[in-house]
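Listed below, chain by chain, are the residues.
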Amino acid sequence: MQGLSVTDANNGITVGENGTILRTTNGGTNWISQTSGTTHSLFGVSFTNANNGTAVGDGGLILKTTNGGITWVLQASGTSDGLRAVSFTDANNGIAVGAYGTILKTTNGGTTWTRQTSGTSEWLYGVSLTDTNNSTAVGENGKILITTNGGIDWISQISGTTNFLYSVAFTDLYNGVAVGSNGTILKTTNGGTIWT
């Protein structure tokens, strides 16, 4: 499995190779297979509550559910670049990242996705959307990008590593952690100005 999103103590979704989607409603005691409608590998998933979620994967694939994954609907991403991660703050606002610095943004629940200028051609593997203005993306060779204006500008930060970074999570505007290859764990307490 490649991606995981948990909304509370009982409900969670994981995605993986060949369009695999599994859901639990009992805290992981049982995982039930869901029909994704694709054989593309899925790498990232983000749920804002037990019903509303988005999964991303190879070939620019974006799938959305509004009923907890019982049905998944294909969304037009506007790209064939592989997508590796997705993060939503609410049912409408989300960011997806992937191959060659691809960053896509939606403000209408994925009805439309708009490409943003990342300023990099390196693959991005993780993204954390703190609110509609503030996001952090991580990827190849220690790449960390932040935006504080909803993606109009993405600014490169100094990570202090060349190890690939695969995932990032923020609890608020200031406190975040990024993880990657060779046991890399980076932490910031000032919104990414300094990573240690």
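Attention in this report is confined to the structure presented alongside it. (Residues numbered from 1 in each chain as written. Predicted model: local features only at pLDDT ≥ 70, side-chain atom pairs only at ≥ 80, totals over all residues. Heavy atoms only, no water.)

For the chain, the helix and strand inventory stands at 0 helices and 19 strands. Here the chain has a C-alpha radius of gyration of 16 Å; the compact-globule value for 196 residues is 16 Å, and the two agree. For the chain, the residues scored as buried account for 53% of the 196 residues in total. Sequence-distant contacts in the chain: of pairs separated by 6 or more residues, those separated by 24 or more amount to 34%. When the accessible surface of the chain is split by element, carbon and sulfur atoms take 49% of a total near 8800 Å². (Helix = DSSP H or I, 4+ residues; strand = E, 2+ residues; numbered from the N terminus. Rg over C-alpha atoms; globule rule 2.2 N^0.38 Å. Buried < 20%, exposed > 50% of the residue type's maximum accessible area, 1.4 Å probe, protein only. Contact = heavy atoms within 4.5 Å. Areas by Shrake-Rupley, 256 points an atom, 1.4 Å probe, with all protein chains shown as cover.)

Moving on, we get to the pairing of strand E19 (residues 185-188). Residues of E19 alternate between two faces, with Leu 186 and Thr 188 buried on one and Ile 185 and Lys 187 left unburied on the opposite face. Pairing analysis gives 4 bridges linking strand E18 (residues 176-180) to E19, with the strands arranged antiparallel. Along E19, the bridge assignment pairs Val 179 with Ile 185. (Pairing = 2+ DSSP bridges.)

Another aspect to go through is the sheet that holds strand E17 (residues 165-170). Read across the sheet, 3 strands follow the order E17-E18-E19 without closing on themselves; strand pairing throughout is antiparallel. Where the open sheet ends on each side, the last strands, each with one partner, are E17 and E19. Between one strand axis and the next, the sheet turns by 15 degrees as a mean value, whatever way the strands run. As paired strands, E17 and E18 are joined by 5 bridges and run antiparallel to one another. For Ala 169, the partnering residue across the bridge sits in E18 and is Val 177. (Axes fitted to C-alpha atoms, helices over the stretch in contact; angles between N-to-C directions.)

Attention shifts here to the sheet that holds strand E12 (residues 114-116). Ordered in space as E9-E10-E11-E12, the 4 strands form an open sheet in which the pairing is antiparallel. Each edge of the open sheet carries a strand with a single partner, namely strand E9 (83-88) and E12. Strand-to-strand twist of the sheet, defined as the mean angle between neighbouring strand axes without regard to direction, takes the value 25 degrees. The sheet contact formed by E9 and strand E10 (residues 94-98) spans 5 bridges and is antiparallel. Residue Phe 88 lies in a different strand from E10, and its bridge partner there is Gly 94.

Quick look at the environment of Gly 60 now. Along the chain, the position of Gly 60 falls in the loop between strand E6 (53-57) and strand E7 (61-65). Separated by 49 residues in the primary sequence, Gly 60 and Gly 109 place their C-alpha atoms 16 Å from one another. Discounting chain neighbours no more than four positions away, the residues touching Gly 60 are Ser 77, Thr 79, Ser 80, Asp 81, Gly 82 and Leu 83.

Quick look at the packing of aromatic side chains now. A complete count under the given rule lists 8 aromatic pairs for this structure. Between Phe 88 and Trp 113 the ring centres are 6.1 Å apart and the planes differ by 85 degrees, which places this aromatic pair in the edge-to-face class. Of this pair, Phe 88 sits in strand E9 while Trp 113 is found in the loop between strand E11 (103-106) and E12, placing the two residues 25 residues apart along the sequence. Of the two residues, Phe 88 and Trp 113, neither departs from the other in class, the shared state being buried. Among the aromatic residues, those joined into a ring-pair cluster are Tyr 100, Trp 123, Tyr 125, Phe 164 and Tyr 166. Over the aromatic face of Phe 43 sits the side chain of Arg 84, whose NZ or CZ is 3.8 Å from the ring centroid. (Phe/Tyr/Trp six-rings, centres within 6.5 Å; stacked < 30°, edge-to-face > 60°. Lys NZ or Arg CZ within 6 Å of the ring centre and 35° of its normal.)

Turning our attention to the pattern of salt bridges. With the rule as written, the count across this model stands at 3 salt bridges. Among the ionic pairs, Asp 81 bridges to Arg 115, the shortest N-O distance being 3.5 Å. With a gap of 34 residues between them, Asp 81 in the loop between strand E8 (73-75) and E9 and Arg 115 in strand E12 connect regions that are remote in the sequence. With its nearest N and O atoms 3.8 Å apart, the salt bridge here joins Lys 143 to Glu 122. Separated by 21 residues along the polypeptide, Lys 143 in the loop between strand E14 (135-139) and strand E15 (144-147) and Glu 122 in the loop between E12 and strand E13 (124-129) bring together distant segments of the chain. Both residues of the pair, Lys 143 and Glu 122, belong to the buried class. (Salt bridge = Lys/Arg side-chain N within 4 Å of Asp/Glu carboxyl O.)

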